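Report on the structure
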Amino acid sequence: MSAHHGQLHCFNYGRPAKHVAKTNRRQALHPMAAMALLLVVIEGLLSRQFVWCTAPTPRRSAAATAVIAAIAAAVGSPDAALAKKKKKKKEEEEKKFELAYLPAPNTSGTVFPDYDNPPTPDENPVIRELQRKSWERQPEIRIKEWLQVNMKTNTTIFLAFTPKYPVRYVSDSSRFDLMEKPSLKEAITLGKILQDPAFDFKNEEFKSWVYAAAKDEEWSATNLNITATLQMPDTLLKRIARLRSLKFGG
């Protein structure tokens, strides 16, 4: 490496590399800082008049105040700019949240089934019967999906690997107790809890139980270890009521 006229010559195995000139780069001044500095200079020139200028007059002071107010109005206060920036960021985040829940575009032309309305009856009687059975099970399917989600939500990190079993109230079909296997097994042995046939789905591991009588609900609350009680929300109850009101092929 050698220096020549303020430049550096770098050698690589006897071959000179490209010239690399030393340049001093200054960091650009922030726009708000530059405007603040400009306001200080204008105020000094027009209002303060500095030491070599004549004494300020009311007319000059008014002019200086007007110029400063006009610049401040055009630029805006730092607090207003920060609030505007935060508002814009919040709007962008809300827009992203809304876009995340939009359905994916159907580019294949595939017609997906509408599970909130009965399907169009097929001409084939076998397929038509399967459609009818599937539609009649939709309310229980929705309840099962809601249970599966909430059973995971109501499980703490310490009980993540401990299975929970839902037991439906006989006095209120929209209410479920969650309990562990020892408590469930004891109640089944005493005949206080029965397997719920409404949630018996073939080829699925999901199972649900129901109290044999209303008095068994009170007994279980006192004698069993109930980890949580789930109550179906009104939105789900209204959706299920609508599904049951729509008859297949009717």
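Look up: the structure comes first, before these words.
Keep in mind it's a predicted model, so treat the numbers as computed, not measured.

Turning our attention to the overall build of the protein. Along the protein, the regular secondary structure elements total eight helices and 10 strands. The buried share among the 250 residues of the protein stands at 21%. Surface summary for the protein: the accessible area is close to 19400 Å², and the carbon and sulfur share equals 58%.

Turning to the pattern of salt bridges, a few remarks are in order. Tallying each qualifying case throughout the model produces seven salt bridges. Measuring nitrogen to oxygen at the nearest pair gives 3.1 Å for the salt bridge that ties Asp 116 to Arg 142. Of this pair, Asp 116 sits in the loop between α3 (78-100) and α4 (125-136) while Arg 142 sits in helix α5 (residues 138-153); the two residues are 26 residues apart in sequence, bridging distant segments of the chain. Relative accessible area serves as the criterion here: at 11%, Arg 142 is assigned to the buried category. A salt bridge links Lys 207 to Asp 200; the shortest N-O distance between them is 3.2 Å.

Relative to the assigned elements, Glu 217 resides in helix α7 (residues 214-223). Along the primary structure Glu 217 and Val 170 are separated by 47 residues, whereas in three dimensions their C-alpha atoms are 8.2 Å apart. In this structure Glu 217 touches Tyr 169, Val 170, Ser 171 and Tyr 211, once residues within four positions along its chain are discounted.

Before going further, it helps to examine the packing of α4 against α5. The contact between α4 and α5 brings their axes to 4 Å, and the two run at 45°. Classified by the angle between their axes, α4 and α5 sit oblique to one another. Taken together, the residues of α5 that come into contact with α4 (itself represented by Ser 134, Trp 135 and Glu 136) are Gln 138, Pro 139 and Glu 140.

Thresholds applied
Residues numbered from 1 in each chain as written. Predicted model: local features only at pLDDT ≥ 70, side-chain atom pairs only at ≥ 80, totals over all residues. Heavy atoms only, no water. Helix = DSSP H or I, 4+ residues; strand = E, 2+ residues; numbered from the N terminus. Buried < 20%, exposed > 50% of the residue type's maximum accessible area, 1.4 Å probe, protein only. Areas by Shrake-Rupley, 256 points an atom, 1.4 Å probe, with all protein chains shown as cover. Salt bridge = Lys/Arg side-chain N within 4 Å of Asp/Glu carboxyl O. Contact = heavy atoms within 4.5 Å. Axes fitted to C-alpha atoms, helices over the stretch in contact; angles between N-to-C directions. Parallel < 35°, antiparallel > 145°, perpendicular 65-115°, else oblique.

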